[in-house]
Amino acid sequence: MTDLTSVQEALRIRLTSQRVVFWHDAAGEYAADLDALNLGAVHVIRAKDNEFGVKNTLLADHAGKYVVYRSGDVPRGTANWLLDLELAYGVFTANRASMLQQELGLNDPALLPVIEQHQKFFAANSRKEALEKLLNDGDDAARLRAKMCQVLVRASGNKLTDIVRELLVENSNGKTTKLDDLAAFGLDQFLWDGLATIYKYTSATPTMDDFVLWMFGRAIEDFASVTPDELRNIRSDFNALRYDVRTQDVMTSLATRAAEALDVKSKIDQRDYRDLAKLTIFEEIDRKVVVDLAAAVASQSVTPREVADVVWQRQHSLWAANYAKLYSAIQSASELLAAIVALPHAIASAGVGLATYQSDWFRIDQNYRWFTYASQTADFQKPLEALKAEVDKQYTNTYLYAFGGLWQQALEPMSEWRSAALTPQAKFFDRHVGPVVKDGRTKVVVIISDGMRYEIAEELASMVRSEDRFEASLSAVLGSLPSYTQLGMASLLPQSSLELDPSGFPVLADGKPTNGTANRNTILNDVKGHAITAAEVLAMPGNELRELYTKHQVFYVYHDRIDAAGDKAPTERTVFEAAEDTLRELLQLVKKWTNANATNILITADHGFQYQDIPLEQAYYLSEAPQGDAVTKTNRRYVLGRALKPSPSFITFTSAQAGLVGDIDIQIPKSIHRIPLPGAGTRYVHGGASLQEIVVPVITVNKKRKSDIRSVNVDLMPETNKITTGQLAVNLLQREAVTDKIQPRQVRLGLYVGDTLISDQPVLTFDSESDDPRDRYQKAVLYLTQDADQYNNRPVELRLEGPILNTTQWKSFSKGNYTIKRSFTTDFDF
């Protein structure tokens, strides 16, 4: 029997909100204890064969409070004289389940059996109070149980997907606490019934481990089913979990376990990588696609366009972060090999070669750098071994050597080191700095990065343009010969003549030494200039740099990462890593100078370089030594001396022919040939006349006042405004090509009725750089959830959402209207 104190408290609670309480006690359990109730100024009346009199008393007294106690069977219908009042005030019963129902404010009689079945759940006040906060008028038995499950598993909602999310998180960690709690409180069967009814998962002995395998087994088959829409709910909820950043780690953990149990590796072994590209849930698929795609690129049996399509699809893989470098390497290799095949068989002139290198051929060097760096730093390098061997061979033998030979032939007619196609590097100050500062007020910052070749500068210019309110344009100058640091640095200074020392060090500008920051600073003083190292600028507090900026008109900032790594044999293989560091640091320098109020910035280099990631074969080294009256300096890529003897192995210039003063002759090994020197590196060189060494970049950077960065526009291209099946296929158009200023956009789609989501939420990335609109179309398929069933013949809204920066939230930016027109059978809701 329920404790009298609890009954007394329940009656008091009722009496605070109503004047009369009708208490039915069919078994008469409390008849003897009625007089012991302590309810204060409340009249307790026993109703037994005196119902008419009781009614008169209640109706006559409008102020007093009453408890009307009735034991035994209460007459039904019109035989019950108190029925109208009982309907008005409700009936109190003192059994535990009824008291709980009343306490929770659940008036539906159909909910009493739920409370009776799960009384253990209500034994703890914490669970009861947590549930009470979730209850709403109109909750039915299924919803009540769902909310009890929500409390037990501590979910954010009470839909099946909310409950399953928590159980999958727990399962991925090898735990069963929450699932055990559902069983302990008699709610596990409710869960399994929900999985069977809503997801169509059935098993004689259901477990979460088995459900995980079943779910991933359906996913690898793209949730194909015999009858339409049979698996629509599991498809939708699986995709929601799969694309939610909060559960991606959980899904990767579960996918790893499922892949082994399902023997995914064997199942996909004979499948074509193109067919697998759209499957994004198992790591085994990424491994196979990487291996097969790399092999196809190595054999050149796949086009760069096809490679780009596969790589684009793989960016949606659960494992994308682990394989991004491999896919990047493969795509770069594909572009590189195709570009090498397309190279011409002759270069009409040096001018044509210089112009075409800036517009097209530099991409081969850029893709080689990207490929090599990605392959060097990827977690899994073995899949790229064969491809790397092919890339290194084609890049070194066909591009650097054979095509370099064609460039050499274009240089043969040159009697002087000059070209109408490019301004000489020695005129850099006169052409790029002088015109800006001639008014005596406008300031210029010149950043010089040692060894930054043209293709690296092209990437840097793109990075700068991608920053809000920054503009950057790329041009080039013809690097001085020999293309080594001392001469290149001297060429960039204000001067009218340059002279080589017989040893190559130092180079004199108008008779003044140019080696070192101090000497360069002395020369710059004449133009109100100042020389400083990049390291000093990066370490300088912002207020100090702003103060420094007020004191001079011209600043030369010297940066050295690439050449410092490449010029030393032990570190030359890190030169592409140094290029990555250079890009990051130069962008930092640009931002730091603009924060110090600089508005005109130039970024250039002293020279470029050649690099191949394999040691050169012996055939690429010259067997003959340079000869002349005096050989004063021998480098792997150039020779200095007096009266050097012409040779078929070298291209020879006097100082005058090279635009210098003095009597020093210059010889450059033809093509990519090198002079063997003991202890020298074998991969990184500069000093010669190859395109990579002498097309010296000049980036002009300006900062604007207004924001100029935006995301690419995406338009919904509807073919219908009706939804007649369990899915909706939509076409979307990326309105323009992605550029540095028009940036990629991630779009999440979803069908809504008000705030209720009734579909899955596929995520698409719009990042096409193609100028052809046909390349910028994408198709998405949205699968309706069971919640959509109740909105037949109702309008619904398709929302296009974009991510809110630095959050996990999304914001709608475009909408489309549809009407659901379907025939279906509604499933039982969870």
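Along each chain, the written sequence defines residue order, and numbers are assigned to residues from 1. Selection of residues for local features in this predicted model requires a pLDDT of at least 70, selection of side-chain atom pairs for listing and counting requires 80 or more, and totals for whole chains, interfaces and linings are taken over all residues. Working from all heavy atoms in the structure, the side-chain values ignore hydrogens and water.

### Topic: the pairing of strand 2 (residues 42-46)
One face of the sheet, then the other: side chains in a regular strand alternate in exactly this way. Selection criterion: Any two strands with at least two DSSP-identified bridges between them are counted as paired. Helix numbering and strand numbering both begin at the N terminus, where a helix is a DSSP run of H or I of at least 4 residues and a strand a DSSP run of E of at least 2. Handedness of a crossover: with both strands directed away from the viewer, a clockwise path from the first strand across the helix to the second marks it as right-handed.
With five bridges joining them, strand 2 and strand 3 (residues 65-71) adopt parallel strand pairing. Across the sheet, the residue bridging to Val-44 is Val-67, located in strand 3. Of the crossover connections in this fold, the one passing from strand 2 over helix 2 (residues 51-60) to the parallel strand 3 is right-handed.

### Regarding helix 11 (residues 208-220)
Spelled out, the test is: Multiplying one less than the number of residues by 1.5 Å gives the expected span of a helix. Three labels apply to residues, based on accessible area from a 1.4 Å probe with only protein chains included: buried if under 20% of the type maximum, exposed if over 50%, partly exposed otherwise in between. Any pair of residues with heavy atoms lying within 4.5 Å of one another is described as a contacting pair.
Its 13 residues place the ends of helix 11 18 Å apart at the C-alpha level, agreeing with the 18 Å of an ideal helix rising 1.5 Å per residue. Turning to helix 11, its buried residues are Met-208, Phe-211, Val-212, Trp-214, Met-215, Phe-216, Gly-217, Ala-219 and Ile-220. Buried residues along helix 11 sit against helix 8 (160-172), helix 9 (177-184), helix 10 (188-199), helix 12 (232-243), helix 13 (248-262) and helix 14 (264-268). Where helix 11 ends, the next residue or the one after it, Asp-222, has phi of about 60°, a positive value.

### Re the packing of helix 8 against helix 13
For clarity, the cut-off: Only the contacting stretch of a helix is used when fitting its axis, a line to C-alpha atoms as for every element, and angles between N-to-C directions run 0 to 180 degrees. Oblique is the label for any angle not under 35 degrees, not over 145, and not in the 65 to 115 range, which are roughly parallel, roughly antiparallel and roughly perpendicular in turn. The crossing is said to be left-handed when, going from far helix to near helix, the turn is anticlockwise and less than a right angle, and right-handed when the turn is clockwise. Any residue that is not Ala, Val, Leu, Ile, Met, Phe, Trp, Tyr, Cys, Pro, Asp, Glu, Lys or Arg is counted as polar, Gly included; the first ten are nonpolar and the last four charged.
Viewed as axis vectors pointing N to C, helix 8 and helix 13 meet at an angle of 60°, and their least axial separation amounts to 9 Å. What the angle tells us is that helix 8 and helix 13 run oblique. Remark: the crossing between helix 8 and helix 13 carries left-handed chirality. On helix 13, the residues that touch Leu-168, Val-169, Asn-171 and Ser-172 of helix 8 are Val-250, Ser-253, Leu-254 and Arg-257. Residues of the contact of helix 8 with helix 13, tallied by class, amount to four nonpolar, three polar and one charged.

### With respect to unusual backbone geometry
Residue Pro-482 follows Leu-481 across a cis peptide bond; omega there is -5°. Mapped onto the elements of the fold, Pro-482 is located in the loop between strand 7 (470-478) and helix 23 (485-491). Pro-506 follows Phe-505 through a cis peptide bond whose omega is 0°. One can find Pro-506 in the loop between strand 8 (498-500) and strand 9 (507-509). For Lys-200, which is not glycine, the phi torsion reads 70° and is therefore positive. Checked against the element boundaries, Lys-200 lands in the loop between helix 10 and helix 11. The phi dihedral of Arg-469 falls on the positive side, at around 75°, and the residue is not glycine. Secondary-structure assignment places Arg-469 in the loop between helix 22 (454-465) and strand 7.

### Quick word on helix 16 (residues 283-298)
Within an α-helix, residues lying three or four positions from one another point in the same direction, as the helix has 3.6 residues per turn. The terminal C-alpha atoms of helix 16 lie 23 Å apart, and with 16 residues this matches the ideal 22 Å at 1.5 Å per residue to within 8%. Buried residues of helix 16: Glu-283, Ile-285, Asp-286, Lys-288, Val-289, Val-290, Leu-293, Ala-294, Ala-296, Val-297 and Ala-298, and no others. Those residues of helix 16 that are buried are in contact with helix 14, helix 15 (273-276), helix 17 (304-314), helix 18 (320-341) and helix 20 (385-411).

### Re the nonpolar core
For clarity, the threshold we go by: Definition of nonpolar core: a set of buried residues of the types Ala, Val, Leu, Ile, Met, Phe, Trp, Tyr and Cys, connected through side-chain atoms within 4.5 Å.
If you look at the biggest cluster of nonpolar residues, it comprises 200 residues, and the most contacted ones within it are Phe-211, Phe-216, Phe-282, Leu-387, Tyr-556 and Trp-593. The leading source of residues in this core is helix 20, at ten residues. Dropping the residues within four chain positions of it, Trp-593 is found in contact with Val-445, Ile-447, Val-537, Leu-545, Tyr-549, Phe-555, Val-557, Ala-598 and Ile-601. Core analysis: the next-biggest nonpolar cluster, separate from the first, contains 26 residues, Val-712, Leu-728, Leu-732 and Val-738 among them.

### So, the sheet that holds strand 16 (residues 639-644)
Read from one edge to the other, the open sheet built from four strands follows the order 15-16-18-17, with strand pairing classed as antiparallel. Edge positions in the open sheet fall to strand 15 (628-634) and strand 17 (650-653), since each of these has one partner strand only. Ignoring strand direction, the axes of neighbouring strands in this sheet form an average angle of 30°. Bridge count between strand 16 and strand 18 (residues 665-669): three bridges; the pairing is antiparallel. Note that in strand 18 the partner of Gly-641 across the bridge is Asp-665.

### A short note on the confidence of the model for the protein
Here is the rule: As a per-residue quantity, pLDDT reports the predictor's confidence and falls between 0 and 100.
In this model, the protein carries an average pLDDT of 92, and 99% of its residues clear a pLDDT of 70 or more. Scored below 50 in pLDDT, residues 825-829 shows 15 contacts in the model against residues more than four places distant or in partner chains.

### Comments concerning the sheet that holds strand 8
Overall, antiparallel pairing links the three strands, which are arranged 8-9-10 in an open sheet. Both outer strands of the open sheet, strand 8 and strand 10 (512-513), are each paired with one neighbouring strand and no more. Judged from the three bridges that link them, strand 8 and strand 9 form a sheet pairing that is antiparallel. If you follow Leu-498 over to strand 9, its bridge partner there is Ala-509.

### With respect to the environment of Arg-235
What counts here: Identification of polar contacts relies on pairs of N or O atoms within 3.5 Å, with a donor-acceptor requirement for protein atoms, meaning one able to donate a hydrogen and the other able to accept it, and with residues adjacent in sequence counted only if both atoms are side-chain atoms.
With respect to the secondary-structure elements, Arg-235 resides in helix 12. In contact with Arg-235, not counting residues within four places along its chain, are Asp-222, Phe-223 and Tyr-783. A polar atom in the side chain of Arg-235 sits 3.0 Å from the backbone oxygen of Asp-222.

### Points about the pattern of salt bridges
To keep things clear, this is the line we draw: Salt bridge, as used here, is a side-chain nitrogen of Lys or Arg placed within 4 Å of a carboxyl oxygen of Asp or Glu.
Scanning all chains against the criterion turns up 50 salt bridges. Between Arg-305 and Asp-775 there is a salt bridge; the shortest N-O distance is 2.7 Å. With a gap of 470 residues between them, Arg-305 in helix 17 and Asp-775 in the loop between strand 28 (763-766) and strand 29 (777-783) connect regions that are remote in the sequence. On the basis of relative accessibility, which here comes to 48%, the residue Arg-305 falls in the partly exposed class. Judged by its relative accessible area of 28%, Asp-775 falls in the partly exposed class. One salt-bridge network, in which partners are shared between bridges, spans Arg-369, Arg-453, Glu-455, Glu-459 and Glu-580.

### Considerations on the side chain of Gln-366
The topology assignment puts Gln-366 in helix 19 (residues 350-377). Relative accessible area serves as the criterion here: at 0%, Gln-366 is assigned to the buried category. Here the side chain of Gln-366 touches Arg-363 through a polar contact of 2.8 Å, side chain to side chain. A distance of 2.9 Å separates the side chain of Gln-366 from the backbone oxygen of Glu-455, its partner in a polar contact. Not counting residues within four places of it along the chain, the set of residues in contact with Gln-366 comprises Glu-455, Glu-458 and Glu-459.

### Quick look at empty space enclosed by the protein
Just so we agree on the cut-off: Cavity and pocket criteria rest on a 1 Å grid covering protein atoms alone: a 1.4 Å probe that fits but cannot get out defines a cavity, protein on both sides within 12 Å along at least 5 of 7 lines defines an open pocket, and an atom within 4 Å of a point defines a lining residue. Grid points are joined across faces, edges and corners, and a volume is the space filled by probe spheres set on the points.
Summed over all chains, the structure comprises two cavities of 30 Å³ or more. The space that makes up the largest cavity amounts to roughly 140 Å³. Lining the largest cavity are 17 residues, with Gly-404, Trp-407, Ser-690, Leu-691 and Gln-692 sitting closest to its centre. Of all elements in the fold, only helix 20, strand 18 and helix 29 (691-694) reach the threshold of two or more residues within the lining of the largest cavity. Here the lining of the largest cavity takes seven residues from helix 20, the largest share from any one element. The residue inventory of the lining of the largest cavity, partitioned by class, reads ten nonpolar, six polar and one charged. Looking at the second largest cavity, the residues that line it are Thr-161, Val-164, Arg-165, Tyr-199, Met-215, Ile-234, Asp-237, Phe-238 and Leu-241. Mapped onto the lining of the second largest cavity, the elements with two or more residues apiece are helix 8 and helix 12. Sort the elements by how many residues they give to the lining of the second largest cavity and helix 12 lands first, with four residues. Among the residues making up the lining of the second largest cavity, the classes are represented as six nonpolar, one polar and two charged.

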